Amino acid sequence: MGFAWFQENRGALSFYVLRLVGPGSAAAVVTQRTGGFSKGVYEGLNLSLRVGDDPRSVRRNRRLLASTLGLNEKDCAWPEQVHGESVLYADAPGRFSGADGLASSKPGLWMAILVADCVPVFVLDEQLSFVGLAHAGRRGTALGITRNLVELVKSKADASGQALTVALGPSIGGCCYELDTRTASELPRPFVKERNGKTFADLWEANAAQALSGGVPADNILLPPACTCCEPQMFFSHRAHGGSTGRQMAIAAPGGLGLQRND
Ligand SMILES: [Zn+2]
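Residues numbered from 1 in each chain as written. Predicted model: local features only at pLDDT ≥ 70, side-chain atom pairs only at ≥ 80, totals over all residues.

Engineer: Describe in detail helix 5 (residues 203-213), supporting the description with residues and values.
Structural biologist: Leu203, Trp204, Ala206, Asn207, Ala208, Gln210 and Ala211 are the residues of helix 5 that are buried. Among the residues trailing helix 5, glycine 215 stands out with phi positive, at a value near 95°. (Buried ≥ 20, exposed ≤ 12 C-beta atoms within 10 Å, placed from the backbone. Helix = DSSP H or I, 4+ residues; strand = E, 2+ residues; numbered from the N terminus.)

Here is the structure:
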């Protein structure tokens, strides 16, 4: 057993879905650009109201997503996303100020973050009784947000790291994440690499290392199934699109999402 990422289509939309290998509902989902009503640089399923897209298109996209996944928008809990390291327990829907990550065991609640290169981090147990979701960009990664999320789930679920899985969703990989040396120096040295005279940071390995240090076994750590910057047709990528682009949504829910396998 164990979790794996699967690429799946539902109607006009496409997703990366995190599932236990074998039958069962989805543990988490990351949207792709395919389908949706946005135009121009936001073309496809842009889910952010804060990037300059027509709000009517975004609202239509959100309604399409909610109906495709069988979710009610009023049951959503979301962190404000301030590029910090704060993670909070969510016991009710709504916005959580100052937070970049949430964890919950509340049935019926779902959690969401918006990303376009930053790493969506999922922490979960096999029963999906406890689920955490965080936004790990460069700063959040440097500050240790994945470590904080693992510790929050361990303490709230009264679980050891051994019992947890950490899965990283589609995001920018070390293949594409070039930084100037001064900015890169904010990250721990092992995750900064020189290649052809350029400096690259590996947020995937940096967040995986935080999960490991929290006691999560290496076999229970899933790296992203895709680099957003390598596949800009499939994903919004801040880097690939020069800063002006939409956002995909990463979603997790205690008990999982009612998205059955369709193969
Ligand atoms: Zn790449």
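Engineer: Outline the sheet that holds strand 4 (residues 76-79), supporting the account with residue identities and numerical values.
Structural biologist: Pairing is mixed across the open sheet formed by 7 strands, whose spatial order is 1-2-3-15-8-4-6. In the strand order of this sheet, the two ends are held by strand 1 (3-10) and strand 6 (94-96), each with one partner. Strand-to-strand twist across the sheet, computed as the mean angle between neighbouring axes with direction ignored, equals 25°. Relative to strand 6, strand 4 runs parallel, the two sharing 3 bridges. Bridge assignment links proline 79 to a residue of strand 6, and that residue is phenylalanine 96. (Pairing = 2+ DSSP bridges. Axes fitted to C-alpha atoms, helices over the stretch in contact; angles between N-to-C directions.)

Engineer: Would you mind going over the sheet that holds strand 11 (residues 164-168) in detail, with residue names and values included?
Structural biologist: The 6 strands lie next to each other as 5-7-10-9-11-14, forming an open sheet whose pairing is mixed. Both edges of this open sheet fall to strand 5 (87-89) and strand 14 (221-222), since each of them pairs with a single strand only. Alignment of strand 9 (residues 119-125) against strand 10 (residues 131-136), held across 6 bridges, turns out to be antiparallel. Following the sheet pairing, valine 121 is matched in strand 10 by alanine 134. Contacting strand 5, strand 7 (101-104), strand 9, strand 10 and strand 11, helix 3 (residues 145-157) runs over the sheet at an angle of about 165° to strand 10. Contacts from helix 5 reach strand 9, strand 10, strand 11 and strand 14, with the element oriented near 25° to strand 9. (Contact = placed C-beta atoms within 7 Å.)

Engineer: Can you lay out the environment of alanine 112 for me, pointing to particular residues and giving the numbers?
Structural biologist: As for its position among the elements, alanine 112 is in strand 8 (residues 110-115). Judged by C-beta crowding, with 23 C-beta atoms within 10 Å, alanine 112 ranks as buried. For the pair alanine 112 and tryptophan 78, spaced 34 residues apart in sequence, the C-alpha separation works out to 5.3 Å. Excluding anything up to four places from it in sequence, alanine 112 contacts Cys76, Trp78, Met249, Ala250 and Ile251.

Engineer: Mind laying out unusual backbone geometry, listing which residues take part and the relevant values?
Structural biologist: Of note, the phi angle at leucine 128 is positive, near 60°, even though the residue is not glycine. With respect to the helices and strands, the residue leucine 128 is situated in the loop between strand 9 and strand 10. In this structure, aspartate 158 is a non-glycine residue whose phi angle is positive, near 50°. By secondary structure assignment, the location of aspartate 158 is in the loop between helix 3 and strand 11. Judged by C-beta crowding, with 8 C-beta atoms within 10 Å, aspartate 158 ranks as exposed.

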